[in-house]
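What follows is the residue order along each chain.
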Amino acid sequence: MKPEELYQELKKYNFGPFMGVADSSFGGFFNYLDTLKNEYIPDVNEGLAFSRGAGSYLTGKKPVVMMQNAGIGNLINPQTSLNNLYNTKSLLLVGWRGNPANKKDAPEHWYMGENTKEFLELANIKSKVLESFDDIKWANDELENTSTVALIVNPEFIEKYESQHKTNYEMSRYDAVELIANNTKDMIRISTTGMISRELNKADDAPKNFYVIGSMGHASSIGLGIAKEVKEKIIVLDGDGAALMHLGVLSTIGNIKPKNFLHICLDNESWSSTGGQRTTSNTTEIKDIALACGYTNSRKVNDKENLEKVIKELLELDGPNFLLVNVKKGNLEDIERIELLPEEITKRFMEAIK
Ligand SMILES: Cc1ncc(C[n+]2csc(CCOP(=O)(O)OP(=O)(O)O)c2C)c(N)n1
């Protein structure tokens with residue numbers, strides 16, 4: 001199905017506005033919507049997209065909330081205690097990563113992939129796999145009787161559409177990751193979901209690397225849990241999308257004030273891992289938020305020379321320290337998945353930091 005056809009069909013039933021967090025399964029639909037005026041704004045996490053949708057429903061709209069099935073985790077609370085309780089309504093489009101019928105997806109998608117329908121059902125959300133325009137009519141009809149209905153989208157079912165979102169930065173994310181890796185050798189490094197972990201794995205795989213391949217937005221919290229218990233430096237490699245998804249943790253970090261904590265955010269103003277859709281980081285000064293939350297030092301760089309200089313400086317200073325690195329959107333071509341299974345990452349990491 002072409003993104004523009006899906007959009008036009010949804011408009012026949014007056015659906016809109018559109019909101020959510022991108023999924024590579026149907027990243028093209030996000031990219032298409034972003035070319036339209038006033039139809040779509042990205043959110044920081046799926047739960048907040050959903051409650052924004054509830055707000056728009058209260059004004060008479062028919063919101064469409066879009067997400068990867070991983071985002072169902074962020075959705076459960078506002079679904080069970082907002083839409084389900086108040087009968088505010090939303091149509092969900094949910095990307096089906098880890099669908100057991102498809103060839104093997106990455107490990108972070110296995111459990112949710114096998115249980116997507118069950119999770120939705122348990123949250124009182126009726127669902128159907130999107131296969132034709134009839135399913136949109138079905139969803140529209142169902143919304144007469146219930147608060148939230150989901151159309152599950154198989155990867156590749158919606159055709160690709162190139163992202164039109166442009167940014168102005170020069171340094172590639174991989175160059176930044178490599179430089180950071182070279183300057184933090186043998187340190188404990190916690191890297192975020194998506195390509196940033198893959199790029200760290202390629203640049204300098206090491207036993208003290210903990211790759212957070214799922215749980216988007218949780219890398220800094222994992223790092224914080226470790227930082228409180230060990231004396232060694234902890235380097236967290238975050239993305240802007242991931243940092244924004246659970247930005248509240250900056251307050252906990254600033255409150256606990258671990259001296260050994262360096263939080264680096266690679267900000268490309270995009271969800272590059274899912275196709276380069278824009279995030280809202282261009283209007284949010286995360287560096288200043290970190291400082292306002294109680295980080296000790298917070299800096300921003302956008303070229304290799306300064307990146308190296310500032311990392312060296314921050315590693316010498318007591319933390320928690322924050323470094324925002326502006327990088328180009330885009331991923332290293334043909335980068336491999338991390339070979340180690342998540343449980344092997346845990347075992348190797350625990351041995352290494354003993
Ligand atoms: C809860 C949740 N929502 C969505 C996703 C899909 N997802 C994986 S990586 C990613 C983008 C991460 O963006 P960012 O942190 O900015 O890093 P970048 O890829 O741009 O380097 C998204 C949206 C996910 N894994 N989990």
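As the structure is a computational prediction, the values presented were derived from the model and not from experiment.

1. Regarding the overall build of the protein
Right, on to step 1. When its secondary structure is counted, the protein shows 14 helices and 14 strands.
Right, on to step 2. Here the protein has a C-alpha radius of gyration of 20 Å; the compact-globule value for 354 residues is 20 Å, and the two agree.
Right, on to step 3. The principal-axis extent of the C-alpha atoms belonging to the protein is close to 60 × 40 × 40 Å.
Right, on to step 4. Burial analysis of the protein (354 residues in total) assigns 48% to the buried set.
Right, on to step 5. The contacts of the protein with a sequence gap of at least 6 include a subset with a gap of at least 24, amounting to 75%.

2. Considering helix α4 (residues 72–86)
Right, on to step 1. Helix geometry: α4 is bent most strongly at Q79, by close to 50°.
Right, on to step 2. Among the residues of α4, those classed as buried are I72, N74, L75, P78, Q79, L82 and N83.
Right, on to step 3. Elements that come into contact with the buried residues of α4 comprise α3 (46–58), β4 (90–95), α5 (110–122) and β6 (148–153).

3. Brief notes about the sheet that holds strand β1 (residues 18–20)
Paired through backbone hydrogen bonds, the strands of a sheet run either parallel or antiparallel to each other.
Right, on to step 1. Strand order in the open sheet made by the 6 strands is β2-β1-β3-β4-β6-β5, with parallel pairing throughout. The sheet is open, and its two edges are formed by β2 (40–42) and β5 (126–129), each paired on a single side. In this sheet, neighbouring strand axes are inclined to one another by 20° on average, regardless of whether the strands run parallel or antiparallel.

4. Some remarks on the site of the ligand
Right, on to step 1. Lining the immediate surroundings of the ligand are 26 residues, of which G194, G239, G241, S272 and S273 lie closest.
Right, on to step 2. Where the shell around the ligand is concerned, the elements lending two or more residues are α8 (195–204), α10 (240–245) and β11 (270–271).
Right, on to step 3. In the shell around the ligand, the residues fall into 9 nonpolar, 14 polar and 3 charged.
Right, on to step 4. For the shell around the ligand, the two domains that each supply at least three residues are domain 1 (3–153) and domain 2 (173–353).

5. Here's the deal with the domain arrangement of the protein
Right, on to step 1. According to the domain assignment, the protein contains domain 1 (3–153) and domain 2 (173–353).
Right, on to step 2. Placing a centre on the C-alpha atoms of domain 1 and another on those of domain 2 gives a separation of 29 Å.
Right, on to step 3. Contacts between domain 1 and domain 2 engage 14 residues on the former and 16 residues on the latter.
Right, on to step 4. It is helix α2 (residues 27–33) that provides the largest number of residues to the side of domain 1 that touches domain 2, a total of 3 residues.
Right, on to step 5. Per-class residue counts for the side of domain 1 that touches domain 2 are 7 nonpolar, 4 polar and 3 charged.

6. Notes on helix α7 (residues 173–183)
Right, on to step 1. Within α7 the residues assigned to the buried category are R173, Y174, A176, V177, I180 and A181. End-on, the buried residues of α7 take up no more than an arc of 160°, which puts them together on one face.

7. Regarding the nonpolar core
Right, on to step 1. By size, the foremost hydrophobic cluster in this structure holds 91 residues, and its most contacted members are V94, V153, I264 and V325.
Right, on to step 2. Residue-level mapping places this core at the junction of two domains, with at least three residues from each of domain 1 (3–153) and domain 2 (173–353).
Right, on to step 3. Filtering out sequence-adjacent residues up to four positions away, V94 remains in contact with M67, N69, I72, T116, A150, I152 and V153.

8. Considerations on the sheet that holds strand β7 (residues 188–191)
Right, on to step 1. The 6 strands are arranged β8-β7-β9-β10-β14-β13 in an open sheet whose pairing can be described as parallel. At either end of the open sheet lies a strand with only one pairing partner, and these are β8 (209–211) and β13 (297–301). The average angle at which neighbouring strand axes cross in this sheet is 15°, direction not considered.
Right, on to step 2. Where strand β9 (residues 234–239) meets strand β10 (residues 261–267), 6 bridges bridge the pair, whose relative direction is parallel. Opposite G239, over in β10, you have L266 as the bridge partner.
Right, on to step 3. Sitting on the sheet, helix α9 (residues 219–227) touches β7, β8, β9 and β10, and the angle it makes with β9 is about 170°.

So, how was this worked out
What you see as residue numbers is a count from 1 along each chain, following the sequence as written. Restriction of local features to residues with pLDDT of at least 70 applies here, the model being predicted, together with a cutoff of 80 or more for giving and counting side-chain atom pairs; totals for whole chains, interfaces and linings are based on all residues. Helix and strand assignments follow DSSP, with helices taken as H or I runs no shorter than four residues and strands as E runs no shorter than two, numbered in order from the N terminus. The globule rule is 2.2 Å times the number of residues to the power 0.38, and the radius of gyration it is compared with is taken over C-alpha atoms. Around each residue's C-beta, the other C-beta atoms within 10 Å are counted; 20 or more make the residue buried, 12 or fewer make it exposed, and counts in between make it partly exposed. All C-beta atoms are placed from the backbone. A pair of residues counts as a contact when their C-beta atoms, built from backbone coordinates, are separated by no more than 7 Å. Here the bend at a residue means the angle between the axes of two seven-residue stretches, the one that ends at it and the one that starts at it. The pairing criterion for strands is at least two bridges between them, as found by DSSP. Fitted lines through C-alpha atoms give the axes, limited to the stretch in contact for helices. The angle between two N-to-C directions lies from 0 to 180 degrees. We call a residue near a molecule or strand when the C-beta position, derived from backbone atoms, sits within 6 Å of it. Under the convention adopted here, Pro, Cys and the residues Ala, Val, Leu, Ile, Met, Phe, Trp and Tyr are nonpolar, Asp, Glu, Lys and Arg are charged, and Gly plus all remaining residues are polar. For each domain, the first and last residues come from an automatic or database assignment. Read the arc as the range of directions from the helix axis to the C-beta atoms. A set of buried residues drawn from Ala, Val, Leu, Ile, Met, Phe, Trp, Tyr and Cys, joined through C-beta atoms within 7 Å, is what defines a nonpolar core.

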